[in-house]
Each structure stands twice: as structure tokens, then as C-alpha cells.
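# Report on the structure
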Amino acid sequence: MGSFGMMLSRRTLGTDVPVMTQIRKLMAELTNPMSLAQGVVHWQPPQKALDKVKDIVWDPLVSSYGPDEGIPELRLALQKKLLDENKLTKSAVMVTAGANQAFVNLVLALCDPGDSVVMFQPYYFNAYMAFQMTGVTNIIVGPPHPDTLYPDADWLERTLSESKPTPKVVTVVNPGNPSGTYVPEPLLKRISEICKEAGSWLIVDNTYEYFMYDGLKHCCIEGDHIVNVFSFSKTYGMMGWRLGYIAYSERLDGFAAELLKIQDNIPICASIISQRLALYALEEGAGWVTERVKGLVKNREIVKEALEPLGKENVKGGEGAIYLWAKLPEEHRDDFKVVRWLGHRHGVVVIPGSASGGPGHVRVSFGGLKEEEMRGAAERLRKGLEELVQHGMVE
């Protein structure tokens, strides 16, 4: 590192290296790799919505700045969606450049350097990094239930009551990334009550709200201490369009003004054409999304079968989102090493669990490939895991 390297921010130097940049570097080393790594879906946005966007490309308003909080038409449509689908009756909305940016906005608005916050293992790596890079380094990571991976509410209650000062924020992802589990409504309500009594904010990331399986239902809750985050990336296949939104209590005095300070200094506003696409996508309705999510059930089963060499008892998740969470053999707990070996020897890439505070595990995504390609990737994964279990990391 050159002499000026010593002058870099301690906050960024102390922030984890993004796991996806490491995975992309690994994939660049491989020939024809198949990825079960990044959390993406295989579908594009609705065709009707894309056609409408093509018609407005030349509209000067698309190339201009818009309101920081989002164009009025989209915000109204989102408030209707929140009311009709999520049963959130008292929520205001801010549109952001993706759910990750929404989360960073909230960390900047709610936390100061040195504050403590609570997450649950296995946690979403980008949320962990958002705390790190903003100087929130006292990150208390709670245990999941060993069988379900649900957040441990008893532990949370003890931690919030015993920690001085009280942690400023508690955050959960529902359904979970990377766990692939969900938070049942009674548990989510209990977590909310614990946070309210302790005086802690609760941030709930609902990115995968429509991705529920086997008759399970996603739920939302609201309150003056609760902030909900949503995304268009997975639902409407808009990963590269970067659009998400924050839903917060309309009764919070001054909250919107503080969010606007942050928004105006990061994106100013989310891309106007992305907001228009989101508006047109919403016209297709939730049924458009859920129909595509149904098609992922087969993918999930294909990947579950590929993970069988690890033992069925060592594979969790698949209740929601697009992930399975698998425990590696005890003698191969170096998950980064296993991931590199699977990539180079078997041509398939997954996410190391250490990136989410779960060493000795891997996260496997079943959302990014259509069924035929998924079978090919899963076959590579199964062969790799069989070799790992029976013979180790053969070179």
C-alpha cells in the first residue's frame, strides 16, 4: 500500500470485503462456471411494463431529476399496495435505489458511530457491512434456533434488557437471506414488542415477501418503532434497475426530513426510468410474481437433492426466499476453501457461510437458473459434495 493508502478511512478499511466481488473474481478464473451463488431470479420484468418504458425513453422528464422521495404516482401506488397486500395502514413511503440503499439510509438516519445494534446469525452480509462502514462496530449477533434458524426471541429480550446502553437497532430479514427460513407472525410480533419495550428500532427487510412456499404466509407489522424495507429486484426481476423503498410510520415527526437529507446526498432520487418501470410492473399485480415463484418449487427440490450427500439433517431453509443453508462436514469447515475447490474442480459456485457469520456452511441459491440449467448446476454440485464427503478436496 502506497503512502497515501495509510490515509484511507478506518471505517472502510474495517468493513468486510463484499463476498460477491470475491465470487465474481473466482468465476473469472473458471471456464464455463455455473452459479448458484448470487441472489437473483431468472425472469425479466413484465413484458408490458418494458414496452411502456420503451415508449417514454425520449421523454425529457426521464432524464431529469425527480422528487427525492420518489415520483408521486409511484408512491401512491406503493401506499395502495402496502395497504391492500401488507395491511400497513399508517405508512409513508420513500423510494430508493434498491433495498441496500434503503438500508444504508436507515442506518445513517437511526445510528451514530459507537451505537450497538443487533442482528441474527446467519445475517445478510450487506446489512452487516452497512453498519461497519458507518462506524457502527458494536454489532451484537444473536443465535438462531438450531432446528429452525428462527431468531431467538428469548435471547433478544435478555440482550436488550441487559445491554447498556440499549442497542439502537434490531434487524431481521423475513423471509431470510441467507437462511431461506421465515419469521412466523407470532414470533415477529413478539420481537416487535421486545424492541418497543426496550426503546429499540426494528428494521424488517421484506425483500422476499412473495417468495413463500408450502402454504406459508408472509406477514408485515407496523408501529412507530418499526421500519419496513421492500425491493423490486427479485419480485419483478429488476435487479439491475435498482429500485426499492422504505415504509415508515407517518406519525414520526421529522423522520421524513432526516431521510431526505441522506437521500439528497446519495442518489438525489432513484432513477426515473426505473421508477416508471416499477409503476408499470405494479399494474401487473402480485399474481404476476407469485406465478413465477411457484415455478421455483421444482428448482428448490432439485437443489435439495444435490445437497443430500451432506445429510438431510444438515440442510435448512427453503421455506421462503430463494436459498438453502447447508452445513459442511466438520473436517471441511473452511467454507471459503470449499467454495474455491467446488468452483475450480466441479465448475459450480456457491456462497461461503462465513460471509454471513456462519462458518462451516454454504448458501445455495435456487432462483437464478431455469429448470434445465438448474439440473446441470445441481448435478455438478452433487458430484462435488459426494467427492468432498467421501474423499475430501481432491486436487
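Residues numbered from 1 in each chain as written. Predicted model: local features only at pLDDT ≥ 70, side-chain atom pairs only at ≥ 80, totals over all residues. Heavy atoms only, no water.

### Some details on the overall build of the protein
A tally of helices and strands in the protein yields 14 helices and 13 strands. The C-alpha atoms of the protein give 21 Å as radius of gyration, which agrees with the globular expectation for 395 residues (21 Å, within 12%). Principal axes of the C-alpha set define a box for the protein whose edges measure 60 × 55 × 55 Å. Looking at the protein residue by residue over its 395 residues, the buried ones come to 56%. Of the contacts formed within the protein by residues at least 6 apart in sequence, a portion of 76% connects residues at least 24 apart. Total accessible area on the protein stands at roughly 17,600 Å², and carbon and sulfur atoms take up 52% of it. Within the protein, the 48 negative side-chain charges are centred at a point lying 2 Å from the centre of the 42 positive side-chain charges. (Helix = DSSP H or I, 4+ residues; strand = E, 2+ residues; numbered from the N terminus. Rg over C-alpha atoms; globule rule 2.2 N^0.38 Å. Buried < 20%, exposed > 50% of the residue type's maximum accessible area, 1.4 Å probe, protein only. Contact = heavy atoms within 4.5 Å. Areas by Shrake-Rupley, 256 points an atom, 1.4 Å probe, with all protein chains shown as cover. Lys, Arg positive; Asp, Glu negative; His and termini not counted. Charge placed at Lys NZ, Arg CZ, Asp CG, Glu CD.)

### Here's the deal with unusual backbone geometry
Note: most residues except glycine have negative phi, and most peptide bonds are trans. Cis rather than trans, the peptide bond between Q121 and P122 has omega equal to -10°. Here P122 lies in the loop between strand 3 (116–120) and helix 6 (125–133). The phi angle at I268 is positive, at roughly 70°, despite the residue not being glycine. Relative to the elements of secondary structure, I268 occurs in the loop between helix 9 (255–265) and helix 10 (272–282). According to the relative accessible area criterion, I268 is partly exposed, its value standing at 24%. In the Ramachandran plot, A321 falls in the positive-phi region, its phi being about 60° despite a non-glycine side chain. Judged by relative accessible area, A321 falls into the buried class, the value being 0%.

### Observations regarding the pairing of strand 4 (residues 138–142)
Within a regular strand, the side chains alternate between the two sheet faces. By the bridge criterion, 5 bridges tie strand 3 to strand 4 in an arrangement that is parallel. Bridge pairing links V117 to I139 in strand 4. In this region the chain leaves strand 3, passes through helix 6 and returns to the parallel neighbour strand 4; the handedness of that crossover is right-handed. (Pairing = 2+ DSSP bridges. Right-handed = clockwise from strand over helix to strand, strands pointing away.)

### Some words on the environment of V118
Looking at the secondary structure, you find V118 in strand 3. The class of V118 is buried, set by a relative accessible area of 0%. A C-alpha to C-alpha distance of 4.6 Å links V118 and V170, two positions 52 residues apart in sequence. Apart from the residues within four sequence positions on either side, V118 is in contact with I140, W155, L156, L160, P167, V169, V170 and T171.

### A short note on the sheet that holds strand 9 (residues 315–317)
Strand order across the open sheet formed by 4 strands is 9-10-13-12, with antiparallel pairing between neighbours. Either end of the sheet is taken by a strand with one partner, and the two such strands are strand 9 and strand 12 (351–352). Of the strand pairs in this sheet, strand 12 and strand 13 (residues 361–365) are connected by 2 bridges, and their pairing is antiparallel. Looking across to strand 13, one finds that P352 is bridged to V362.

### Re the packing of aromatic side chains
Under the criterion given, the structure shown has 15 aromatic pairs. With 5.3 Å between their ring centres and 45° between their planes, Y124 and F125 make a pair best called tilted. Pair check on accessibility: Y124 and F125 agree, each one buried. Pairwise contacts between aromatic rings join F230, F232, Y236, Y245 and W288 into one cluster. Positioned over the ring face of W288 is R292, at 3.7 Å from the centre of the ring. (Phe/Tyr/Trp six-rings, centres within 6.5 Å; stacked < 30°, edge-to-face > 60°. Lys NZ or Arg CZ within 6 Å of the ring centre and 35° of its normal.)

### Details of the nonpolar core
Residues F131, F211, L307 and L381 are the most contacted members of the largest nonpolar core, which totals 111 residues. At 8 residues, the largest contribution of residues to this core is made by helix 10. The contacts of F131, once residues within four sequence positions are left out, are F103, V107, C111, V117, M119, V136, I139, V169 and T171. In this structure, L156, L187, L188 and C219 belong to the second largest nonpolar core, which totals 22 residues. (Core = buried A, V, L, I, M, F, W, Y, C linked by side-chain atoms within 4.5 Å.)

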